[in-house]
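Residue-level listing of the chains:
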Amino acid sequence: APGEEKKTEELKGGLVDNIKTWKPSNDLLEFVKTMENDPLRVGNAKVKEYNDIGHKAKGYGTKSGLLAQDTEKEAARVLTDKLIDANKDVERLVKADLNEGERAALVSLIYNVGKGAFGKSKALKALNKGDRKTFLKEAFDPKIGFVKANGKIIKGLVSRRAKERDIFVNGWKF
């Protein structure tokens, strides 16, 4: 029909523009800050290097060398950049349509576990097949989800996955 091609172009352009202009919401920023380094978020800690299970980190779980200055503002800037990168990974890897809560949960998950681990996971395969039940189990389950570091279940990761699951299923209700 006349005009259909134009609509398709607008949709594609809009989607591309959306990917280019996507920024993490305040809810997502605060959530990740709380999970990664709440004392820094609330002003009770200085920005200093710490061991983050296998790599030196600073700020909000980012690799140590990425911060130009040891300030919370710089840590938040780097976090924002890394969440934008994680959203690009979501766009590249996930074939399913996502609402805001689902996208936020996946951005947080990929920020935490990395695009490599998520990209070759059973969770992603299930999500892309439309099997949400299996996805939720593979991604967020307290025994088999992304809850281990060095082969051991980590209590903090179990807690984070439960919160991400809640955001994925229910959105930002808190």
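Just so it is clear, the model here is predicted, and its values are computed rather than measured.

Turning our eyes to something else, we now look at the environment of M35. Following the sequence through the fold, M35 ends up in helix α2 (residues 26-41). For M35, a relative accessible area of 24% puts it in the partly exposed group. Sequence-wise, M35 and N112 are 77 residues apart; in three dimensions their C-alpha atoms are separated by 9.6 Å. Setting aside chain neighbours within four positions, we find M35 in contact with R160 and K163.

This next bit is on the nonpolar core. Among the nonpolar cores identified, the biggest contains 39 residues, and L28, L83, V94, L106, F118, F135 and F168 are the most heavily contacted of them. With eight residues, the top contributor of residues to this core is helix α3 (residues 72-93). Setting aside residues no more than four positions away along its own chain, F118 makes contact with L93, V94, L106, L109, I110, V113, L124, F135 and F146.

The subject of this paragraph is the confidence of the model for the chain. With 88% of its residues at a pLDDT of 70 or more, the chain shows a mean pLDDT of 88. With pLDDT under 50 throughout, residues 2-14 is counted as low confidence; its partners more than four residues away or in other chains account for zero contacts.

Further remarks concern the sheet that holds strand β1 (residues 50-51). Overall, antiparallel pairing links the three strands, which are arranged β1-β2-β3 in an open sheet. Single-partner strands in this sheet number two, and they are β1 and β3 (62-63). With two bridges joining them, strand β2 (residues 56-58) and β3 adopt antiparallel strand pairing. For A57, the partnering residue across the bridge sits in β3 and is K63.

The rules behind each value
Residues numbered from 1 in each chain as written. Predicted model: local features only at pLDDT ≥ 70, side-chain atom pairs only at ≥ 80, totals over all residues. Heavy atoms only, no water. Helix = DSSP H or I, 4+ residues; strand = E, 2+ residues; numbered from the N terminus. Buried < 20%, exposed > 50% of the residue type's maximum accessible area, 1.4 Å probe, protein only. Contact = heavy atoms within 4.5 Å. Core = buried A, V, L, I, M, F, W, Y, C linked by side-chain atoms within 4.5 Å. pLDDT = per-residue confidence, 0-100. Pairing = 2+ DSSP bridges.

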